[in-house]
Amino acid sequence: MGFKVRKSIKIAPGVRLNVSSKSIGMSAGVRGARVSVNSSGRVTRTVGIAGTGISHSTSTRVGGGRASARPAPQQPPKMVKPPKPKKVKPSLTAPAWEKQLFKQLEGTPDAAAIHAVGQAHPQAVPTVTMVEVLRVSAPNRDTDRTRALLGWLFDTGYDPAADTFIGKYVETSDLTVPIATGIVAQMPWDRQALGLLLAELEQEAGNHPRAIGIVEQLEPTTVAAVSLAELYSEEERWPEVVDLTNGLTNEDEAATFLLIQRGTALREQGYFEAAREALKEALRIRSRPAELRHLALVARGHTYFAEGKKAMARKDYERVLAEDAGYPGLQEMLSAAGA
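Residues numbered from 1 in each chain as written. Predicted model: local features only at pLDDT ≥ 70, side-chain atom pairs only at ≥ 80, totals over all residues. Heavy atoms only, no water.

Ranked by size, the top nonpolar core spans 81 residues in total, and within it Leu-150, Phe-165 and Trp-189 carry the most contacts. Here the element with the most residues in this core is helix H12 (residues 290–306); it accounts for eight residues. Other than its neighbours up to four places away in sequence, Leu-150 contacts Val-133, Trp-189, Leu-194, Leu-197, Leu-198 and Leu-201. (Core = buried A, V, L, I, M, F, W, Y, C linked by side-chain atoms within 4.5 Å. Buried < 20%, exposed > 50% of the residue type's maximum accessible area, 1.4 Å probe, protein only. Helix = DSSP H or I, 4+ residues; strand = E, 2+ residues; numbered from the N terminus. Contact = heavy atoms within 4.5 Å.)

It is worth spelling out the side chain of Ser-227 at this point. Within the secondary structure, Ser-227 is located in helix H8 (residues 222–234). In this view, Ser-227 contacts Ile-179, Leu-196, Glu-200 and Val-215; residues no more than four positions away in its chain are not counted.

Here we take up the packing of aromatic side chains. In this description, an aromatic ring pair is defined by two values, namely the gap between the centres and the angle between the planes. Considering all chains together, one arrives at three aromatic pairs under this definition. Ring centres 5.9 Å apart and planes at 35° place the aromatic pair Trp-97 and Phe-165 in the tilted group. Of this pair, Trp-97 sits in helix H1 (residues 96–103) while Phe-165 sits in helix H5 (residues 164–169), placing them 68 residues apart in sequence. Each member of the pair, Trp-97 together with Phe-165, is buried. In this arrangement the basic side chain of Arg-191 is found over the ring face of Phe-154, its NZ or CZ atom lying 4.1 Å from the centre. (Phe/Tyr/Trp six-rings, centres within 6.5 Å; stacked < 30°, edge-to-face > 60°. Lys NZ or Arg CZ within 6 Å of the ring centre and 35° of its normal.)

Going through the model one piece at a time under the given rule, you end up with 14 salt bridges. In this structure, Arg-276 engages Glu-307 in a salt bridge whose closest nitrogen and oxygen atoms are separated by 2.9 Å. On the criterion of sequence distance, the pair formed by Arg-276 in helix H11 (residues 272–282) and Glu-307 in the loop between H12 and helix H13 (310–323) is long-range, its members being 31 residues apart. The network of salt bridges with common partners includes Asp-144, Arg-147, Asp-155, Glu-202 and Arg-210. (Salt bridge = Lys/Arg side-chain N within 4 Å of Asp/Glu carboxyl O.)

Time to look at the pairing of strand S11 (residues 183–187). Regular strands place their side chains on alternate faces of the sheet. Burial along S11 is one-sided: Ile-183, Ala-185 and Met-187 are buried, while Val-184 and Gln-186, pointing the other way, are not. Note: strand S10 (residues 175–180) against S11, five bridges, orientation antiparallel. Bridging across to S11, Val-177 finds its partner in Ala-185. (Pairing = 2+ DSSP bridges.)

The next thing to look at is the side chain of Asp-316. Looking at the element boundaries, Asp-316 is found in helix H13. The residues contacting Asp-316, other than those within four sequence positions of it, are Leu-297, Arg-300, Gly-301 and Tyr-304.

Over its 13 residues, helix H4 (residues 143–155) extends 18 Å from the first C-alpha to the last, a length consistent with the 18 Å expected when each residue adds 1.5 Å. Every buried residue of H4 is accounted for by Thr-146, Arg-147, Leu-149, Leu-150, Gly-151, Leu-153 and Phe-154. Where H4 is buried, its residues meet helix H3 (125–137), helix H6 (191–204) and helix H7 (208–216). At the C-terminal side of H4, Gly-157 shows a positive phi close to 85°. (Expected span 1.5 Å × (residues − 1).)

So, on to the environment of Met-130. Within the element layout of this structure, Met-130 appears in helix H3. Each C-alpha atom of the pair Met-130 and Leu-153 lies 7.9 Å from the other, and the pair is 23 residues apart in sequence. Setting aside anything within four residues of it in sequence, one finds Met-130 in contact with Leu-153, Tyr-158, Pro-160, Ile-166 and Trp-189.

Before going further, it helps to spend a moment on the packing of helix H10 (residues 253–268) against H12. Contact geometry of H10 with H12 gives a least axis separation of 10 Å together with a crossing angle of 15°. Considering the angle they form, H10 stands roughly parallel to H12. For the element pair H10 and H12, the recorded crossing hand is left-handed. Counted together, Glu-253, Thr-256, Phe-257, Ile-260, Thr-264 and Arg-267 of H10 and Leu-292, Leu-295, Ala-296, Ala-299, His-302, Thr-303 and Ala-306 of H12 form the full contact between these two elements. Within the contact of H10 with H12, the residues separate by chemical class into seven nonpolar, four polar and two charged. (Axes fitted to C-alpha atoms, helices over the stretch in contact; angles between N-to-C directions. Parallel < 35°, antiparallel > 145°, perpendicular 65-115°, else oblique. Left-handed = near helix turned anticlockwise from the far one by under 90°. Nonpolar A, V, L, I, M, F, W, Y, C, P; charged D, E, K, R; others polar.)

Take the confidence of the model for the protein next. Interpreting fine coordinate detail is not advised for predicted regions of low pLDDT. With 73% of its residues at a pLDDT of 70 or more, the protein has an overall mean of 80. Considering only residues more than four positions removed or in separate chains, one finds that residues 47–80, a stretch of pLDDT under 50, has 78 contacts. (pLDDT = per-residue confidence, 0-100.)

Rendered as structure tokens:
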């Protein structure tokens, strides 16, 4: 989630143990030449000329590792299936643009024809744009185009649920949006869903400030809070994460994720006991998905490690080991905690 290295421990001359919320690494060498290895399997070699500020780094991976202890990013948000036209058809007295656009709901859509409707009928541009998203860019996984179209719609205040054409002629499937690790939201096409989808696409593109601005404008639902907590964490806005999660109890999977972020934010600010309390609450419900439980255990293990309680950290890492020996970076975490 964008967490940065927060602790570096000297364990021998020229050798340091680096701990972050996502991985554990080792670095060794002398001034001008160092080699670093972290739990993701990345090996970085840096060679420089002392006193000049000139250096060169190369990175490789070993053992098929990944860049962080967090599972690989999910696929871009997408619809469950392309929408189908409802049985109702435009009447003889319906506007010309309505009849022309309706034709694009059947068979293979023609992007050029959809654009032509908007050019000829400016009043229909928002609806035309939404139809292009539903029939062309989203089903074809064209994330750049989808992001641009949804961005324009969101900025103009558009709400698909209030669009008469969409409501009358389009049978939209629920939108499936992977909000964060272990959290997937399924919702109807409305302004809330449009904003969350757009925020995920902006986040994926690295436009975090834009994504945050979008979610902050949405109705303050639990799903929106999950998205916002992840975004705040990626920007290291730890006080905002804590404020966002005040008074939270483990009522559902989204709350579990938020408690994990709260624990991480508190740890990053040095409040270790408070961090452990939040993570304890995140782990209280044992029926939560394994992905979330493992995330919480690793976060608590990192908290213990940051406190210097290696034996306690190792216990949490071993709990993950018992269920998922292939958890990214786990063997390196265990080795570091067992030293």
